[in-house]
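Each chain, letter by letter, is given below.
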Amino acid sequence: MNKIIEETTKRLEQCLPLADETRLVSIGQNNLSQAGNIFQSCFDTKRVVVIADCNTFEAAGRIVNTNISSENILSVEEPFLFQEKEFHADSKHLEEVRCFLAKTDAIPIAVGSGTINDLVKRAAFECQRSYMIIGTAASVDGYTSFGASIEMDGMKQTLTCFAPRVVLIDLEILKHAPQELNAAGYADLLAKIPAGADWILADKIGTEPIHRTAWDIVQKPLRQWLAQPEGIATNNPSALCLLIEGLIMSGLAMQIAKTSRTASGAEHMFSHLWDNQHHTFQGKIPSHGFKVGIGSIAVSLLYEKMLAFTKEEFSKSKQNIAATHRRWHEIEQTVRTNFGNGNLAEQVLEQSRQKYVDLLEIIRRFDVFLEHWDELKDELQRQLIPAAAICEMLRKAKAPSSPEEIGIDRNRLRQSFGQAQLIRYRYNILDFVMETGHWEIISSMPLEFPNAKN
Ligand SMILES: [Zn+2]
């Protein structure tokens, strides 16, 4: 185990100097006891405050609070604890943390995973303050990122914030985290496979050139990080060490490339879509990771359909491009039909407008893809993992591997392809299929989720 931690630490140390905000990441076993010393080595001030919820305070916050209080090196304020059992990163809770921080000059230590992390990082940003994170589950890649996912006016939005100065992960804590949280992180990391394929497409047409350093940080070790899904199912510390390394590195790559393109493609659009539709299943919002996991399978199925085309077959659709190209008024109409006339529709329209291009540009893109079709296919096939294998990996990690397990039936999933295509300007496989005149394959392709429970 020590060897695995040592190697993880070595890779992190190589990567950290390239990131401009996070200075230190400590991953270890029982390193929670060093929280005070680590804090002291990275911050000038001695005033700290722990922010947690009841669960994460019991899991790690209380130990941190007691240790740093008794060490007498730091001045520890009364912790801020969310009392609700279930709460979300929304504007109401953000305001609570922001008001609390505004009354003190202490540096916040966020103890938790997704929700606490999002709330503290944005509140700290609004108070122009740096912060430290103690992660309690390997559930998200947002620990080291510079964006906070917060629901504002009924819509999930990624708000700007600073990345944390310090992140501490104790594998003993992760080992005792609810298994489904670590499974969600595994699915979020697996999503970097189709996300990478989307970046290859965007790079090819020049909309978002690949940032080679950030690409290598995530994509080179990705399969190694994902190699132990069975270990995720049992909260095995060595599998969790690789998983959290991947998630942390993914956030650092975002810092380096100054874009979340490194971590998200069309599969994330499915998750954002269902968030904005306020989708719940059995009274709960399915986790981000579980939604992008299903998005990853859906996207991989679509890639498989597209990559089955020979160059000759692909070229045939060029004659239909003018007919299938949607003019702006048609897109606007589609957005209204799918999203109505409220805030969400306005936001979707803005995103769709940003990525709208005229027929000439569509033809240019088509010609680029056609010219490089054979090598592009090879490159994408090397990047992708077959949908059946993704299902299997998710299933082994005890993450949902069919849409019904998160309350999405097949009809809704099929409809989601079209809606997900509209919601974000970032070029991905959905735009590729739309612009190259192949959209009809989505309505006819079988949505099979091999080896899944349903
Ligand atoms: Zn994600």
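Cut-offs used in this document
- Residues numbered from 1 in each chain as written.
- Predicted model: local features only at pLDDT ≥ 70, side-chain atom pairs only at ≥ 80, totals over all residues.
- Heavy atoms only, no water.
- Donors = N, O, S within 2.8 Å, 3.2 Å for Na, K, Ca; no water.
- Tetrahedral: all angles 85-135°; square planar, octahedral: opposite > 155°, others 65-115°.
- Buried < 20%, exposed > 50% of the residue type's maximum accessible area, 1.4 Å probe, protein only.
- Helix = DSSP H or I, 4+ residues; strand = E, 2+ residues; numbered from the N terminus.
- Contact = heavy atoms within 4.5 Å.
- Polar contact = N/O pair within 3.5 Å; in protein donor to acceptor, adjacent residues only side chain to side chain.
- Phe/Tyr/Trp six-rings, centres within 6.5 Å; stacked < 30°, edge-to-face > 60°.
- Core = buried A, V, L, I, M, F, W, Y, C linked by side-chain atoms within 4.5 Å.
- Domains from an automatic or database assignment.
- Patch = residues over 30% accessible without salt bridge, like charges linked within 9 Å, V, L, I, M, F, W, Y side chains within 5 Å.
- Areas by Shrake-Rupley, 256 points an atom, 1.4 Å probe, with all protein chains shown as cover.
- Salt bridge = Lys/Arg side-chain N within 4 Å of Asp/Glu carboxyl O.
- Lys, Arg positive; Asp, Glu negative; His and termini not counted.
- Charge placed at Lys NZ, Arg CZ, Asp CG, Glu CD.
- Axes fitted to C-alpha atoms, helices over the stretch in contact; angles between N-to-C directions.
- Parallel < 35°, antiparallel > 145°, perpendicular 65-115°, else oblique.
- Left-handed = near helix turned anticlockwise from the far one by under 90°.
- Nonpolar A, V, L, I, M, F, W, Y, C, P; charged D, E, K, R; others polar.
- Buried area = accessible area lost by both parts, 1.4 Å probe.

Chemist: Requested: an account of the coordination of the zinc ion, with residues and values cited.
Modeler: Distances from the zinc ion to its protein donors, namely Asp188 (OD), Asp188 (OD), His268 (NE2) and His288 (NE2), fall within the range 2.1 to 2.8 Å. Because the angles between the four donor atoms bound to the zinc ion fall within 50 to 144°, the donor set is best described as irregular. For Asp188, a relative accessible area of 0% puts it in the buried group.

Chemist: Which residues make up the environment of Lys318, and what values go with them?
Modeler: With respect to the helices, strands and loops of the structure, Lys318 is situated in the loop between helix 15 (311-316) and helix 16 (321-324). On the accessibility criterion, Lys318 (33% relative accessible area) is partly exposed. Separated by 259 residues in the primary sequence, Lys318 and Ala59 have C-alpha atoms spaced 58 Å apart. Dropping the residues within four chain positions of it, Lys318 is found in contact with Ile363, Phe366 and Asp367. A polar side-chain atom of Lys318 sits 2.7 Å from a polar atom in the side chain of Asp367.

Chemist: Give a detailed account of the side chain of Ser317, specifying residues and quantitative values.
Modeler: As for its position among the elements, Ser317 is in the loop between helix 15 and helix 16. A polar contact of 3.1 Å, which involves the side chain of Ser317, links it to the backbone oxygen of Thr436. Those residues in contact with Ser317 that lie beyond four places of it in its chain are Phe366, Thr436, Gly437 and His438.

Chemist: Lay out the packing of aromatic side chains with the relevant residues and their values.
Modeler: This model, assessed by the stated rule, comprises 14 aromatic pairs. With centroids separated by 5.7 Å and ring planes inclined at 65°, the aromatic side chains of Trp328 and Tyr356 adopt a geometry described as edge-to-face. Highlighted residues: Trp328 in helix 17 (residues 328-339) and Tyr356 in the loop between helix 18 (343-355) and helix 19 (359-371), separated in sequence by 28 residues. Using a relative accessible area of 19% as the deciding quantity, one classes Trp328 as buried. Accessibility expressed as a relative area gives 29% for Tyr356, which makes it partly exposed. Here the aromatic residues Phe314, Phe366, Phe369, Trp373 and Phe432 are joined through ring pairs into a cluster of three or more.

Chemist: How would you summarise the nonpolar core if you had to cite specific residues and measurements?
Modeler: Core analysis: the largest hydrophobic core is formed by 133 residues, its most contacted members being Ile244, Phe417, Ile429 and Phe432. Sort the elements by how many residues they give to this core and helix 12 (residues 237-257) lands first, with 13 residues. Counting the residues that make up this core, at least three belong to each of domain 1 (2-177) and domain 2 (185-207 + 264-444). Excluding residues within four positions of it along the chain, Ile429 makes contact with Asp198, Leu201, Ala266, Val299, Leu302, Tyr303 and Met306.

Chemist: Before we move on, can you summarise the environment of Phe80 with the specific residues and values?
Modeler: Considering the arrangement of structural elements, one finds Phe80 in strand 4 (residues 80-82). On the basis of relative accessibility, which here comes to 13%, the residue Phe80 falls in the buried class. Taking C-alpha positions, Phe80 is 52 Å from Leu307, a pair spaced 227 residues apart along the chain. If sequence neighbours within four positions are ignored, Phe80 has contacts with Val49, Val50, Ile51, Ala52, Glu96, Val97 and Phe100.

Chemist: Please provide a residue-by-residue account of a negative patch on the surface, values included.
Modeler: On the surface, a cluster of negative charge is contributed by Glu371, Asp374, Glu375 and Asp378. With three residues, helix 20 (residues 373-383) is the largest single contributor of residues to the negative patch. Counting through the fold element by element, Glu371 comes out in helix 19.

Chemist: So what's going on with the packing of helix 7 (residues 179-190) against helix 12? Residues and values would help.
Modeler: How two helices sit against one another is set out by the angle between their axes and by the gap between those axes. Contact geometry of helix 7 with helix 12 gives a least axis separation of 10 Å together with a crossing angle of 50°. Judged on the interaxial angle alone, helix 12 and helix 7 are oblique. Considering only the axes of helix 7 and helix 12, their crossing is left-handed. Of the residues in helix 12, those touching helix 7 at Asn182, Gly185, Tyr186 and Leu189 are Leu240, Leu243, Gly246 and Leu247. Broken down by class, the residue content of the contact of helix 7 with helix 12 amounts to five nonpolar, three polar and no charged.

Chemist: Which residues make up the domain arrangement of the protein, and what are the values?
Modeler: What the domain assignment reports for the protein is domain 1 (2-177) and domain 2 (185-207 + 264-444). Placing a centre on the C-alpha atoms of domain 1 and another on those of domain 2 gives a separation of 33 Å. Opposite the 12 residues of domain 1 that make contact, domain 2 presents 12 residues. Here domain 1 packs against domain 2, burying approximately 910 Å² in sum over the two surfaces, 49% of which is carbon and sulfur. At the surface where domain 1 touches domain 2, the tally comes to two salt bridges. For the salt bridge of Asp141 with Lys192, the shortest nitrogen-to-oxygen distance reads 2.7 Å. Here domain 1 and domain 2 share three residue pairs in polar contact (both at pLDDT 80 or more) between them. The element that contributes the greatest number of residues to the side of domain 1 that touches domain 2 is strand 8 (residues 155-160), accounting for three residues.

Chemist: Lay out the pattern of salt bridges in plain terms, naming residues and giving numbers.
Modeler: Considering all chains together, one arrives at 29 salt bridges under this definition. Arg62 is the salt-bridge partner of Glu58, the closest N and O atoms lying 2.6 Å from each other. Taken together, the residues Glu58 and Arg62, both in helix 3 (residues 54-70) and four residues apart, mark about one turn of the helix. Judged by its relative accessible area of 41%, Arg62 is partly exposed. Between Arg261 and Glu208 there is a salt bridge; the shortest N-O distance is 2.8 Å. Of this pair, Arg261 sits in the loop between helix 12 and helix 13 (266-276) while Glu208 sits in the loop between helix 8 (192-205) and helix 9 (212-219), and the two are 53 residues apart along the sequence. Pair check on accessibility: Arg261 and Glu208 agree, each one buried. Because the salt bridges share partners, they merge into one network encompassing Glu95, Arg98, Arg122 and Glu126.

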